[in-house]
Structure formats: structure tokens, C-alpha cells
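Below are the chains, spelled out letter by letter.
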Amino acid sequence: QVQLVESGGGLVQPGGSLRLSCVASGFTFSSYVMSWYRQAPGKERELVALITNTGGSTKTADSVKGRFTISRDNAKNTVYLQMNSLKPEDTAVYYCNAVSIFSSRNNYWGQGTQVTVSS
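In this numbering scheme, every chain counts its residues from 1 along its sequence in written order. Predicted model: local features are reported for residues with pLDDT of at least 70 only, side-chain atom pairs are reported and counted for 80 or more only, and whole-chain, interface and lining totals are derived from all residues. Here the side-chain values reflect all heavy atoms present in the structure, with hydrogen atoms and water set aside.

Chemist: Where do I start with the pairing of strand β11 (residues 113-117) in this structure?
Modeler: Consecutive side chains of a regular strand alternate in pointing toward one face of the sheet and then the other. To sort residues, take the accessible area from a 1.4 Å probe on protein chains only and compare it with the maximum for the residue type: under 20% means buried, over 50% means exposed, and anything in between is partly exposed. Per the convention used, a helix needs a DSSP run of H or I reaching at least four residues, while a strand needs a run of E reaching at least two, with both numbered from the N terminus. The side-chain alternation of β11 yields one buried face, formed by Thr-113, Val-115 and Val-117, and one unburied face, formed by Gln-114 and Thr-116. At least two DSSP bridges between two strands are needed for those strands to be called paired. Across three bridges, strand β2 (residues 10-12) lies against β11 in parallel orientation. From the neighbouring strand, Val-12 faces β11, where its bridge partner is Val-117. Pairing of strand β9 (residues 92-100) with β11 involves three bridges; the strand directions are antiparallel. Residue Ala-92 lies in a different strand from β11, and its bridge partner there is Val-115.

Chemist: Hey, could you run me through the nonpolar core in this one?
Modeler: Within soluble globular proteins, side chains that are nonpolar tend to cluster in buried spots. Ranked by internal contacts, the top residues of the largest apolar core, which has 29 residues, are Met-34, Trp-36, Val-79, Leu-81, Met-83 and Tyr-94. Elements that contribute at least two residues to this core include exactly β3 (18-25), β4 (32-39), β5 (46-51), β7 (68-73), β8 (78-83), β9 and β11. The set of buried Ala, Val, Leu, Ile, Met, Phe, Trp, Tyr and Cys residues whose side-chain atoms join them within 4.5 Å is what this entry labels a nonpolar core.

Chemist: Looking at this model, I keep getting lost on the pattern of salt bridges. Mind explaining?
Modeler: It is possible for side chains bearing opposite charge to pair when their charged atoms get close. Counted as salt bridges are all cases of a side-chain nitrogen of Lys or Arg within 4 Å of a carboxyl oxygen of Asp or Glu. Here the structure, examined in full by the defined rule, presents four salt bridges. Across the pair Asp-90 and Arg-38 runs a salt bridge, and its minimum N-O distance is 2.9 Å. Placement of Asp-90 in the loop between β8 and β9 and of Arg-38 in strand β4 is noted, with a sequence separation of 52 residues between them. Assigned by exposure class, Asp-90 and Arg-38 land together as buried. Two residues, Lys-65 and Asp-62, come together in a salt bridge whose shortest N-O distance is 3.1 Å. Three or more residues are tied together by salt bridges with common partners; here these are Arg-38, Glu-46, Arg-67 and Asp-90.

Chemist: What should I look at first to understand the pairing of β4 in this one?
Modeler: Relative to β9, β4 is paired through eight bridges, and the arrangement is antiparallel. When the sheet's bridge partners are listed, Arg-38 is paired in β9 with Tyr-94. Where β4 folds back on β5, the antiparallel hairpin that results is connected by six residues, among which Gly-42 adopts a positive phi of roughly 75°.

Chemist: It is not clear to me how the state of the cysteines should be interpreted in this structure. Could you clarify?
Modeler: The term disulfide refers to a covalent linkage connecting the sulfur atoms of a pair of cysteines. A pair of sulfur atoms, both from cysteines and within 2.5 Å, is called a disulfide here. Here the structure, examined in full by the defined rule, presents one disulfide. The partner cysteine of Cys-22 in its disulfide is Cys-96, sulfur to sulfur 2.1 Å. Because the sign of the S-S torsion sets the handedness, a value of about -80° for the bond joining Cys-22 and Cys-96 places this disulfide among the left-handed ones. One end of the pair, Cys-22, is in strand β3; the other, Cys-96, is in strand β9, with 74 residues separating them in the sequence. Per residue, the accessibility class of Cys-22 equals that of Cys-96, and both read buried.

Chemist: Sorry if this is basic, but what is going on with the environment of Ser-119 here?
Modeler: Take Ser-119: it is sitting in the segment after β11. For the pair formed by Ser-119 and Ser-35, sequence separation is 84 residues and the distance between their alpha carbons is 28 Å.

Chemist: What's the story with the side chain of Arg-38 in this structure? I'm lost.
Modeler: In this structure Arg-38 comes out as buried when scored by relative accessible area, which is 6%. Distance and chemistry together define a polar contact, namely a pair of N or O atoms within 3.5 Å, with one atom able to donate a hydrogen and the other to accept it when in protein, and with adjacent residues in sequence counting only for side-chain atoms on both sides. Polar side-chain contacts of Arg-38 include one of 2.7 Å to the side chain of Glu-46. A distance of 2.9 Å separates the side chain of Arg-38 from the side chain of Tyr-94, its partner in a polar contact. Contacts between residues were defined by any pair of non-hydrogen atoms, one from each residue, lying within 4.5 Å. Contacts of Arg-38, omitting those with residues within four sequence positions, involve Glu-44, Arg-45, Glu-46, Val-48, Ser-63, Val-64, Phe-68, Glu-89, Asp-90, Ala-92, Val-93 and Tyr-94.

Written as C-alpha cells, this is what we have:
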């Protein structure tokens, strides 16, 4: 059974930091590109950051570049999103996504974790 379980969300003040984690199970983690997406109320889901299956390459949205860092530990089947200098506009539900390098039809989502940036 495929599972992606996110954790680490919460309420933080502007300028603060959070580290999101996503633990994967039920598939070969090292064969999947991992991404973090977010969706704010009334807005479409958007890509925040992506990391290749080996961790050798990453991509970050312009809106979070220089503040957010994606990383992964294939030995722990875990992908992380380190979020620094958080802004109120970063408030959203953050989702973990996995896509197989062999077939994009193998595409899985976590349940999401809420991040709220507010004073």
C-alpha cells in the first residue's frame, strides 16, 4: 500500500522557519522524483520544489528561491522541505508528491500538512 505521510507543519511567525518531512512507503522511493506542492485558499495548487530520484538536481519556484530548500534521504525514504524566512503568503496546505521515473502514471500524493504564517 502506497503512503506518503507529511509532517512538520504548523503556525509560525513571519521570518520564522519550519521543516516539513514526507515519509514514503509501499514503493521504491529511489525510483521516484519527489516534489512539494502547496495550495492556498482560493488558489490553484502550485509546485514549490522538486528533487530528482538521486537527489542530484533540484528545482525551486521563483517565489521561494533562496528561502526554501528541498532534500531527500533515500535510506530513510524521506523527502524534506526546509523553509526559512517565512512570509504570510507562504500560508497554504503543503503536499508531497511522488512520480516514477519509469512511468508518470505512477503518481502519488500525500494528505497535506497545513502551514500558517501569521503574527
